[in-house]
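# Descriptive analysis of the structure
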Amino acid sequence: MEKVKIFDTTLRDGEQTPRVSLNMNDKVMIAKQLEKLGVDIIEAGFPISSDGDYEAVKAVSEAVENVTVCALARCNKKDIDRAAEALINAKHPRIHVFIATSDIHLKYKLKMSKEQCVEKAVEMVAYAKTLVDDIQFSAEDASRSDKDFLVEIFEKVIEAGATTINVPDTVGYAQPNEYYDLLNYVITNTKNSDKATFSVHCHDDLGISTANALSGVKAGARQVECTVNGIGERAGNSSLEEIAMILDTRSNYYNVTTNIVTTEIYKTSKLISAITGVSIAKNKSVVGENCFLHESGIHQDGILKNRETYEIMNPDKVGIPKNNGLVLGKHSGRHAFNAFLKQHGFEMEEEEIQKYFIKFKELTDKKKYVTIDDITSLVGELPYNENYKFHSYTSSNNDDGTATVYLNILHGNDLITKRAIGNGQIDAAFNALNSIVDKEIEVLDFEINAVSSLSNALGEAKVLLKLGDNEISTSGLDLDIIKASIQAYVQGINKFGI
Ligand code: KIV
Ligand code: ZN
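Residues numbered from 1 in each chain as written. Chains lettered and ligands numbered in written order. Predicted model: local features only at pLDDT ≥ 70, side-chain atom pairs only at ≥ 80, totals over all residues. Heavy atoms only, no water.

Asp13 (OD), His201 (NE2) and His203 (NE2) make up the full set of protein donors to the zinc ion (ligand 2), lying at 2.0 to 2.1 Å. Spacing between the donor residues of the zinc ion (ligand 2) along their common chain follows D-x187-H-x1-H. The same class applies to His201 and to His203, which are both buried. (Donors = N, O, S within 2.8 Å, 3.2 Å for Na, K, Ca; no water. Buried < 20%, exposed > 50% of the residue type's maximum accessible area, 1.4 Å probe, protein only.)

Structure below.
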């Protein structure tokens, strides 16, 4: 069977998820897990977009061995030079250059004629080829572009050195049959198409990005671009776990295989949810909590007689833990905790492990059973400099509907106490924190979730904070949701480096 390459863009298009921002440590940790998952290419970022992204692509290039690391660039020398610099230490570097090809983008965004667009694309692919051998070209908004224009530009960029040709459905507009026809048309009519791998990249605006990507595979595409948990710009991208499990479960239909180690899927999905703060819907295909639960009596009866009556995939194959996540408890020691972290893709220095071990022990004092979800949420609160630490609080609701909080925060060895009023206890606590650090931090987004469905579940507070031009998302975890919210905010203050 032929191989389909999995091009993971969680760190680039996935990071374009509204309100997700990944720092260098986040990206390195995710990249190491993606390598274990068996993806062929990691798109690590868009180096010209910020110094942080440049540093992250550089760090990812140094952290992985066996996987291609790709950096995105528009069709200009500055972008391409920055991408090449960031990839300098990558064992297998790839530069991904893109330009829009649809009439609407050419006219309104680029203000370019088709001739100018081809000329620019060819010139920049040839330039990138002088820096790195592995060059990918994307025709942004390809699904709304003129087919013959795509054929023309693809033929010329392949001549100029592109070895992967990506045909994105940038705005999630295509329908599966249409997208099949498009891929079939460009592969058949581009004279030198045998010199390149054709690739699909689909967005989920109408909820069919996975179906579209797989139609492209049916038509001959041999690279699929996707993100873990389907995160990404607007409604997101085709989800890696769906693509991988469809190609595995229905290999008899697609006649292709991938290098994905499916047993690493669940762990990767949890890790990315913990780091990005993007929760996984219970009914999310493949990795959602409900995927392997059976509610109806008829179904339960069938499953007990033979799993295959109502299950097309085996949860073991996706790496879902058998015992519903009861892994560590009060008596688990540092060794077990350390092994657990490693097993779940959290690579950390000794000092950080120790920090999380203390938090884990605090948790086992409050909660008899600690689940995988508890621990991944706990560790999702990545290392930061703890200038400020939560100490304690008391609160009361006032008759006028407001609440008053007395908050005690440690700053080094100093205990700072502040009283503040707000619309509810959490708002009051956040006001107290702003007054302690004397900053106008804004809350852009705030969410509280129970980490498991038991009544003694930990509450996870996720908060997106803004200070000046900086946005930071953090989380806090506790049985007490007000404390979890305060901890998330305090962590944000520390991450801002206040
Ligand atoms: O959606 C898109 O077109 C993209 C390109 C940069 C490949 O993300
Ligand atoms: Zn995209």
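A word on the domain arrangement of the chain. What the domain assignment reports for the chain is domain 1 (2–276), domain 2 (290–320), domain 3 (321–379) and domain 4 (388–495). Here the C-alpha centroids of domain 1 and domain 4 sit 39 Å apart. (Domains from an automatic or database assignment.)

The final tally for this structure, using the stated rule, is 25 salt bridges. Here Asp53 makes a salt bridge to Lys27, at a shortest N to O gap of 2.8 Å. On the criterion of sequence distance, the pair formed by Asp53 in helix H2 (residues 51–63) and Lys27 in helix H1 (residues 24–37) is long-range, its members being 26 residues apart. With a relative accessible area of 8%, Asp53 lands in the buried category. A salt bridge links Glu460 to Lys462; the nearest nitrogen and oxygen atoms lie 4.0 Å apart. Taken as a pair, Glu460 and Lys462 share a single burial class, namely buried. By sharing partners, the salt bridges in this structure join Arg12, Asp13 and Glu43 into a single network. (Salt bridge = Lys/Arg side-chain N within 4 Å of Asp/Glu carboxyl O. Helix = DSSP H or I, 4+ residues; strand = E, 2+ residues; numbered from the N terminus.)

A cluster of nonpolar side chains, Val443, Phe446, Ile448 and Ile481, forms an exposed patch at the surface whose accessible area comes to about 280 Å². Top contributing element to the nonpolar patch by residue count: strand E16 (residues 442–450), with 3 residues. Its place among the elements puts Ile448 in strand E16. The partly exposed category is assigned to Ile448, whose relative accessible area is 32%. (Patch = residues over 30% accessible without salt bridge, like charges linked within 9 Å, V, L, I, M, F, W, Y side chains within 5 Å. Areas by Shrake-Rupley, 256 points an atom, 1.4 Å probe, with all protein chains shown as cover.)

Once that is clear, we can look at the site of ligand 1. Within the structure, ligand 1 sits among Arg12, Asp13, His96, Ser138, Glu140, Asn166, Pro168, Thr170, His201 and His203. At a separation of 3.1 Å, an oxygen atom of ligand 1 approaches a polar side-chain atom of Asp13. One nitrogen or oxygen atom from the side chain of Thr170 is found 2.6 Å from an oxygen atom belonging to ligand 1. Protein chains shield 94% of the accessible area of ligand 1, which is 260 Å² for the free molecule. Elements represented by at least two residues in the shell around ligand 1 include exactly strand E6 (134–140) and strand E7 (164–169). Classifying every residue of the shell around ligand 1 by side-chain character gives 1 nonpolar, 6 polar and 3 charged. (Near = heavy atom within 4 Å. Polar contact = N/O pair within 3.5 Å; in protein donor to acceptor, adjacent residues only side chain to side chain. Nonpolar A, V, L, I, M, F, W, Y, C, P; charged D, E, K, R; others polar.)

On to the sheet that holds strand E8 (residues 197–202), then. Spatially, E2-E3-E4-E5-E6-E7-E8-E9 is the arrangement adopted by the 8 strands of the closed barrel, whose pairing is parallel. Taking each pair of neighbouring strands and ignoring which way they run, the sheet shows an average axis angle of 25°. Helix-sheet contacts for helix H7 (residues 176–189) involve E7 and E8, and the interaxial angle to E8 is about 155°. (Pairing = 2+ DSSP bridges. Axes fitted to C-alpha atoms, helices over the stretch in contact; angles between N-to-C directions. Contact = heavy atoms within 4.5 Å.)

Moving on: the sheet that holds strand E14 (residues 403–411). Strand order in the open sheet formed by 3 strands is E13-E14-E15, and the pairing between neighbours is antiparallel. Two strands in the sheet have a free side with no partner beyond their single neighbour: strand E13 (388–397) and strand E15 (414–422). The average angle at which neighbouring strand axes cross in this sheet is 20°, direction not considered. In this sheet, E14 lies alongside E13 in antiparallel orientation, the contact comprising 9 bridges. Within E14, the residue paired with Phe390 across the bridge is Ile409. Sitting on the sheet, helix H17 (residues 425–437) is in contact with E13, E14 and E15, with an inclination near 130° to E15. Those strands touched by helix H18 (residues 481–495) are E13 and E14, and its axis lies near 140° from that of E13.

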